[in-house]
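As a plain string of letters, each chain reads:
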Amino acid sequence: MPEQKQKLSYYLRLLYPFIKKDKGLLFFGLFAMLVTSALRLVDPLILALIIDQSIPNQNMTEMLRYGFMFIGVVLVSGLLSYLQIVLLSRLGIKIITKFKGDVFSHLLKLPVGWFNKQPVGELIARVESDSERVKVLFSDLSITIVGNLLFFVGVFIVLLIRDATTTLLIMPIIVISIVVYSYLFKYISKFFKQIREKYAIISAKITDYVQGMQMIQALNQEKRVIEDLRVASKDKQHVEIRTSFIEYGVQSVFMFVFNVLFVVLVIMITAPKIIAGVATLGTLIVFIQYIYRMVWPLMHLSENVMQMQRSFVSLKRILELTTLQTEDETFTGTVEPSFDREIRFENVSFAYEAEDWVLQDVSFSIPKGKKIALVGPSGSGKSTTISLICGFYHVQKGSITVDGVPIRTMNFRAWRKKIGLILQDIFLFPGPILENVRVYNDSVDPRIVQEAISVVQLDEFIKSLPEGLDTELAERGQNVSQGEKQLISFARALAFDSEIIIMDEATASIDPQTEARIQRTMNRAFGGKTIIIVAHRLTSVLDADEILYFSGGRITARGTHQELMKSSEDYRKLVELQMLGGSDE
Ligand SMILES: Nc1ncnc2c1ncn2[C@@H]1O[C@H](COP(=O)(O)OP(=O)(O)OP(=O)(O)O)[C@@H](O)[C@H]1O
Ligand SMILES: [Mg+2]
C-alpha cells in the first residue's frame, strides 16, 4: 500500500482518469481564464489612451472609437469570466461526482478488515468534506489563484513598460505588505482552525444526541443535553467573535494601506513627473486602476494559498482511498469450492491486530449436514470464528479447509454463495421487502420469495402491510421488529437455497412465541442443511450434533448437550442461569 510520501506525478497519474473525459472542458476553461486575465489589463490602458491622446488632440471620432473599444472589452471580459466559471465549475462538479461514486464503489470492495480501523461516521464525513474541497479546487479556487497570478504578472509587465522607476519603487512595498499580511493571516488562521474543531465537536454531539433521542427522553436528560450543547456553542461563539474582531481589524488596516496610502504614494511619485512632462496622466490612471484591482486578490492571496494546500491534502486523501487493495486483490484464490464432506479448522490462531490473539489453537470440524453450535461468554471469539468461515479474514496460524482445500486458495465469491448468513446485527437494504429477500437478484422468482416467506410464517405480517411484499423498508429496517428482521433474513437464506446456514443469534431478547417460531422454522426449513449457529438461547442448541464451548478464544469443552452437562462446569452454569431465567445471555 502506498503509505509514504508520493511524488506529484504519482497523484497526477491517479487524477488523470477523472479528467480524461473532460479534457475539452479543462482546456476551454483555462483558455477563457487566460483571456479574461489579459482583458482585465486592457481597459485601463484604453482609458489612458483617451486621456493621453484623444482629449489633448480633441479628436472626437478617435475618442468614440476608444469608447466603444472600452465597452467592448468590458463586455467580452464579463462574458468570458462567466464562461470560465461555468466551464470550470462544471468540470469540478463532474470530477467530484465521479470521485464520490468511485470512492464508494471502491470502499464496497475493500476487505472487511479495513473497516475495523475506520470509524464509519468519520470516514463518511471526511469523504464528504474532502470532496467539497476538491470541487472548489477545480472551480473557484483555480479560477481565483491562477487567474490572479496571471493578472499580477500582466500588471507587473505593463507597469514596467509604462514607468519602470515608479514600478520598481512601488512593487517591493507591495510585496512587503503582502508578506506582513500573510504572517498576520497565519496567526488568524489558528483561530479559524479552533472554530472548525469546535464546530466538529458540536456536530458530533448533535448527531449522537439525535440518534439517542429516545434514551435521552426516557432518562429525562433533555435539560442536561441542552445545557451541554449550550456550553459547547458558547465556547465556539467566543472564539468566533474574537476571531472576527481581529480578522476585520487587520483587513481594514490593510484596505486602508492599499486603497489610500498606495494611491497617495503613486500620485506623489508620478505627479512631479507629469508636470515635468516625462510621464502622462494616463499612466497615473493605469497605476491607480491596477492598484484598486489588485487589493482584493492580494488580501485573499494567503487565504487562497492555504485553501489550496488543504484542497491538495484532501485530493491526495481521496486519491489514496481509490488505490487501497480491494478484496479481489487481497483474496486471490481461484479454486472452485465444493462442499461434500466437511469444513475443518486445524490449530487456527487468529488476531485482528498484530499479536492480539482472539482465537488460539482452535480445531474442530463441521461435517456436511450436521448442526454445530458455538456457545460461550461475550468476546470469546464466536463471531470471529464465523467471519473466518465466511473468508472475511485470513488466519495467521493453522488452516481452514473445505473438503481438504484451504479456504485461502478458493474463489471467495463462489464460496460465499454457498453460505446463507444471518448475522447478529441484521442488515436490511433500504428498499422493498421482496428485494431484501432476493437481494436484487431477478433470477429468483417472486413465487419463490413468497414461498420462503410462508415457510418462515411471515405471511400474516406481510399481508398486514399496505403494499405486501413491495412495502419499502425504512432506514435500517426501522419499521420492522427485531424478530421480523431475523425471519426476513431466514427467508433470504431459504430463497437462495444456501448449502450452509450460518446464524449469529442476536442477544436482544425476542418474545417466546417468536423464539419458538424461529426454532420451528430452523428445523423445518433448514433440516438436512449444514447449520452453524452461534447461540445465546440454549434452546437453539439442545439438538445440535456438537456444541463447542468457547472461552477466551479457545474451545474449552465440546460435545452434545447431554455430554456437556456432565463434562463441563461452565456449560452447566450457563444452562442453570438460563433455566432460572436470570439473563437472556
Ligand atoms: N473487528 C474487530 N477488530 C478488532 N477486534 C475485534 C473485532 N471484532 C471483535 N474483536 C475482538 O475479538 C474478541 C472476540 O470477539 P467476537 O466478536 O468474536 O466475540 P463473540 O464471542 O462473538 O462475543 P458476543 O457473544 O458478545 O457476540 C473480542 O475481544 C473483541 O473485542
Ligand atoms: Mg458475537
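## Brief notes about helix α2 (residues 23-57)
Over its 35 residues, α2 extends 50 Å from the first C-alpha to the last, a length consistent with the 51 Å expected when each residue adds 1.5 Å. The axis of α2 is deflected most strongly, by about 30°, at Ile 50. Positive backbone phi, approximately 50°, marks Gln 58, located one or two places after α2.

## Points about the site of ligand 1
As a structural note, the neighbourhood of ligand 1 is formed by 13 residues, with Ser 378, Gly 379, Lys 382, Ser 383 and Thr 384 the closest of them. Here an oxygen atom of ligand 1 and a backbone polar atom of Gly 379 are 2.8 Å apart. Its free accessible area being 630 Å², ligand 1 has 65% of it covered by the protein chains. Looking at the shell around ligand 1 element by element, the count peaks at 3 residues for helix α11 (residues 382-389). Counted by class, the shell around ligand 1 contains 3 nonpolar, 9 polar and 1 charged residues.

## Description of the sheet that holds strand β3 (residues 371-375)
Read from one edge to the other, the open sheet built from 6 strands follows the order β6-β7-β8-β3-β9-β10, with strand pairing classed as mixed. Two strands bound the open sheet, and with one partner strand each, they are β6 (419-422) and β10 (554-559). Geometrically, the sheet is characterised by an average inter-axis angle of 15° between neighbouring strands, direction not taken into account. Across 5 bridges, strand β9 (residues 546-551) lies against β10 in antiparallel orientation. Residue pairing across strands places Tyr 549 opposite Ala 557, the latter belonging to β10. Each of β3, β6, β7 (500-504), β8 (530-534) and β9 touches α11; the most contacted strand, β8, lies at about 145° to it.

## Concerning the side chain of Lys 273
Tracing the backbone shows Lys 273 in helix α8 (residues 222-276). What Lys 273 contacts, discounting residues up to four positions off in sequence, is Asp 163, Thr 165, Thr 166, Val 278 and Ala 279.

## A closer look at unusual backbone geometry
The phi torsion of most residues other than glycine is negative, and most of the peptide bonds are trans. Positive phi, normally seen in glycine, also occurs at Asp 403, with a value near 50°. When you line up the elements, Asp 403 lands in the loop between β4 (397-402) and β5 (405-406). One non-glycine residue, Tyr 440, adopts positive backbone phi at about 55°. With respect to the helices, strands and loops of the structure, Tyr 440 is situated in the loop between α13 (433-438) and α14 (446-455). On the basis of relative accessible area, Tyr 440 is assigned to the partly exposed category, the value being 46%.

## As for the packing of helix α3 (residues 60-108) against helix α9 (residues 281-321)
Any two packed helices are characterised by how steeply their axes cross, that is the angle between the axes, and by the distance between the axes. It is at 9 Å that the axes of α3 and α9 come closest, and there the two elements cross at 40°. It follows from the interaxial angle that α3 and α9 lie oblique. Between α3 and α9, the residues in contact are Phe 99, Val 103, His 106 and Leu 107 and Leu 315, Ile 318, Leu 319 and Leu 321, respectively. For the contact of α3 with α9, a count of residues per class yields 7 nonpolar, 1 polar and no charged.

## Notes on the environment of Lys 94
Within the secondary structure, Lys 94 is located in helix α3. We classify Lys 94 as partly exposed; its relative accessible area is 37%. Excluding anything up to four places from it in sequence, Lys 94 contacts Asp 22 and Leu 25.

## Let's talk about α9
Along an α-helix, residues three or four apart share an orientation, since each turn contains 3.6 residues. Compared with the 60 Å implied by 1.5 Å per residue over 41 residues, the 58 Å span of α9 between its first and last C-alpha is a close match. At Leu 301, α9 is bent by approximately 45°, the largest bend along its length.

## Points about the pairing of β4
Of the pairings in the sheet, the one linking strand β1 (residues 342-351) to β4 comprises 5 bridges and is antiparallel in character. Bridging from a neighbouring strand, Arg 344 pairs with Thr 401 of β4. Remark: 2 residues form the turn of the hairpin made by β4 and β5, two consecutive strands paired antiparallel; Asp 403 in that turn has positive phi of roughly 50°.

## A word on the side chain of Ser 54
By the element assignment, Ser 54 lies in helix α2. Only 2.8 Å separates the side chain of Ser 54 from the side chain of Glu 62, close enough to count as a polar contact. In contact with Ser 54, not counting residues within four places along its chain, are Leu 49, Asn 59, Glu 62, Met 63 and Tyr 66.

## What about the nonpolar core?
General note: in soluble globular proteins, nonpolar side chains tend to be found buried as a group. In terms of nonpolar packing, the biggest core is built from 46 residues, with Ile 433, Phe 526 and Tyr 571 touching the most fellow members. No other element matches helix α16 (residues 482-495), which puts 7 residues into this core. In this structure Phe 526 touches Phe 490, Ala 493, Leu 494, Ile 501, Thr 521 and Ile 531, once residues within four positions along its chain are discounted.

Scoring rules and cut-offs
- Residues numbered from 1 in each chain as written.
- Chains lettered and ligands numbered in written order.
- Predicted model: local features only at pLDDT ≥ 70, side-chain atom pairs only at ≥ 80, totals over all residues.
- Heavy atoms only, no water.
- Helix = DSSP H or I, 4+ residues; strand = E, 2+ residues; numbered from the N terminus.
- Expected span 1.5 Å × (residues − 1).
- Bend = angle between axes of the 7 residues up to and from the residue.
- Near = heavy atom within 4 Å.
- Polar contact = N/O pair within 3.5 Å; in protein donor to acceptor, adjacent residues only side chain to side chain.
- Areas by Shrake-Rupley, 256 points an atom, 1.4 Å probe, with all protein chains shown as cover.
- Nonpolar A, V, L, I, M, F, W, Y, C, P; charged D, E, K, R; others polar.
- Pairing = 2+ DSSP bridges.
- Axes fitted to C-alpha atoms, helices over the stretch in contact; angles between N-to-C directions.
- Contact = heavy atoms within 4.5 Å.
- Buried < 20%, exposed > 50% of the residue type's maximum accessible area, 1.4 Å probe, protein only.
- Parallel < 35°, antiparallel > 145°, perpendicular 65-115°, else oblique.
- Core = buried A, V, L, I, M, F, W, Y, C linked by side-chain atoms within 4.5 Å.

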